[in-house]
Amino acid sequence: MIEVSGLTKKYGEVLAVDDVSFSVSKGEIVGFLGPNGAGKSTTMKVLTGYLAPTEGTASINGHDIIDQPLAARAAVGYLPESTALYEEMGVVDYLRYMGRMQGVAGAAIQGRIDDVIQTCGLATMAHKDISQLSKGYHQRVGLAQALLNDPPVLILDEPTSGLDPAQIVEIRSLITRIAEEKAILLSTHILPEAQNTCSRILIISNGKLVGEGTSGELLDMVSGNEQYSVRLRGGDGTLRRLEQLKGVTAVSSNMENGELAATISAEKGHDLRERIFDTAVESGAKLLELSHTSTSLEDVFLSLTGTTGRRSGQEGGSQDG
Ligand code: ADP
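This one's a predicted model, so the numbers in the text were calculated from it and none came from an experiment.

Time to look at the overall build of the protein. Counting its regular elements, the protein contains 11 helices and 14 strands. Against the compact-globule benchmark of 20 Å for 321 residues, the protein has a radius of gyration of 25 Å, which places it well outside the compact range. Taking contacts inside the protein between residues at least 6 apart in sequence as the whole, the part at least 24 apart equals 68%. Surface accessibility of the protein: about 15000 Å² in total, with carbon and sulfur atoms responsible for 47%.

The structure is reproduced here in structure tokens:
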């Protein structure tokens, strides 16, 4: 549904997107993840026909964005990063106006408006002015507008940006609901959002694609160790036994208040929790704590982009393995 090949976009001397290639199929929600200034919005603006590429090309539902720009544009619904809605208009009037702008046939408009109002949960707001709506409902109107001509492809630039946690959950479930029949490319800088909503993730940094895959595949790209933190009391020789467990690469430890705090590093793919427990019991030690951390998507993001994934405090934070 979306095919991007060698896409490059320069603003004067600024290389905003650098030889990017990827594809998105029907039924997929692909997350476009990257720090600010990475090139996400620029890529999306090229795909939606707002900007011309400097090099390379892309097609939307089989229509080349350069050779068949109108057909390509008609196949895509776009939610820009800052949705400029006409605040003084009523929701239905705005959607009717946008439907006409998008070329939805006159006879079909009312049916499409009813449909998107239903899909986007706007029934109770339908006759209010847009200026009266909360930010979450603004975003729903933006999504409704993007869905008006029932496009097979949706491009959503930071769809949950600026929303409160409850609104984020609502918009996420709305996107998941409409995803089955469409190909969706969604940009975000919020890692858990990409992990929770997207079937696949593209990581972009300084205009280049630096990672692509499911969150599981991305985690595999950054080879990290499994790590276990344990806290023990008593038990002679427990440390030595832990060091000898299959898969263990290192054990570091220190004594705190008569308790032994140890960090055990193990090769990837070894789940040693049960064996650590058994080893403690066999050594006569009391196991006071045991926790397991493996590589998080945040580690992947940091490693691939060299930046921090925590921003705005909205939902930042690593996922504990
Ligand atoms: P993102 O959406 O990932 O935050 P953008 O696509 O907005 O990134 O920006 C990519 C790069 O292009 C940044 O270096 C940004 O400063 C630059 N850029 C974006 N828009 C313009 C513009 N209109 N003119 C010049 N440079 C721009």
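Now, onward.
With 14 residues, helix α4 (residues 106–119) extends 20 Å between its outermost C-alpha atoms, agreeing within 8% with the 20 Å of an ideal straight helix rising 1.5 Å per residue. Looking at α4, one finds that the buried residues are Ile-109, Arg-112, Ile-113, Val-116 and Ile-117. Looking at the packing, one finds that the buried side of α4 touches α3 (91–101) and α5 (135–147). Taken from the residues just after α4, Gly-121 is the one with a positive phi, measuring 65°.

Let us look at the sheet that holds strand β10 (residues 208–213). A sheet is described by the order of its strands in space; here 6 strands give the open sequence β6-β7-β8-β3-β9-β10, paired in mixed fashion. A single partner strand is all that each edge strand has here, and the edge strands are β6 (76–79) and β10. Averaged over all pairs of adjacent strands, the angle between strand axes in this sheet comes to 15°, irrespective of strand direction. Together, β3 (29–33), β7 (153–157) and β8 (183–188) form the strand contacts of helix α6 (residues 165–179), whose direction differs from that of β8 by roughly 155°. Where helix α11 (residues 297–305) meets the sheet, its contacts fall on β3, β9 (200–205) and β10, and the angle it forms with β9 comes to roughly 35°.

It is worth spelling out the pattern of salt bridges at this point. Here the structure, examined in full by the defined rule, presents 14 salt bridges. In this structure, Asp-93 and Arg-96 form a salt bridge, with 3.8 Å as the shortest nitrogen-oxygen distance. Separated by 3 residues within a single helix, Asp-93 and Arg-96 lie in helix α3, roughly one turn from each other. Given the relative accessible area of 24%, Arg-96 is considered partly exposed. The salt bridge involving Arg-200 is made with Glu-212; its shortest N-O contact spans 2.8 Å. On the criterion of sequence distance, the pair formed by Arg-200 in strand β9 and Glu-212 in strand β10 is long-range, its members being 12 residues apart.

Moving on, we come to the side chain of Glu-28. Looking at the element boundaries, Glu-28 is found in the loop between β2 (14–24) and β3. Engagement of the side chain of Glu-28 in a polar contact is seen with the backbone nitrogen of Ser-25, the distance being 2.8 Å.

Attention now goes to the site of the ligand. Close contacts around the ligand come from Tyr-11, Ala-16, Pro-35, Asn-36, Gly-37, Ala-38, Gly-39, Lys-40, Ser-41 and Thr-42, and that covers them all. Within the contact set of the ligand, an oxygen atom lies 2.5 Å away from a side-chain nitrogen or oxygen of Thr-42. Protein burial of the ligand: of its 560 Å² of free accessible surface, 59% is covered by the chains. Here the shell around the ligand gets 3 residues from one element, more than from any other, and that element is helix α1 (residues 40–47). Its residues placed into classes, the shell around the ligand shows 4 nonpolar, 5 polar and 1 charged.

This part is about the domain arrangement of the protein. How big an interface is tends to be expressed through the accessible area that disappears when the partners come together. Structurally, the protein comprises domain 1 (2–220 + 300–320) and domain 2 (225–294). Placing a centre on the C-alpha atoms of domain 1 and another on those of domain 2 gives a separation of 45 Å.

Another point: the sheet that holds strand β13 (residues 259–266). Strand order in the open sheet made by the 4 strands is β12-β13-β11-β14, with antiparallel pairing throughout. The sheet terminates laterally at β12 (248–256) and β14 (286–293), the two strands that pair on one side only. Averaged over all neighbouring strand pairs, the angle between strand axes comes to 15°, with direction disregarded. Pairing between β12 and β13: 8 bridges, direction antiparallel. Bridge assignment links Glu-256 to a residue of β13, and that residue is Glu-259. The sheet strands contacting helix α10 (residues 273–282) are β11 (226–233), β13 and β14, and the helix crosses β14 at an angle near 165°.

Thresholds, definitions, all that
Residues numbered from 1 in each chain as written. Predicted model: local features only at pLDDT ≥ 70, side-chain atom pairs only at ≥ 80, totals over all residues. Heavy atoms only, no water. Helix = DSSP H or I, 4+ residues; strand = E, 2+ residues; numbered from the N terminus. Rg over C-alpha atoms; globule rule 2.2 N^0.38 Å. Contact = heavy atoms within 4.5 Å. Areas by Shrake-Rupley, 256 points an atom, 1.4 Å probe, with all protein chains shown as cover. Expected span 1.5 Å × (residues − 1). Buried < 20%, exposed > 50% of the residue type's maximum accessible area, 1.4 Å probe, protein only. Pairing = 2+ DSSP bridges. Axes fitted to C-alpha atoms, helices over the stretch in contact; angles between N-to-C directions. Salt bridge = Lys/Arg side-chain N within 4 Å of Asp/Glu carboxyl O. Polar contact = N/O pair within 3.5 Å; in protein donor to acceptor, adjacent residues only side chain to side chain. Near = heavy atom within 4 Å. Nonpolar A, V, L, I, M, F, W, Y, C, P; charged D, E, K, R; others polar. Domains from an automatic or database assignment.

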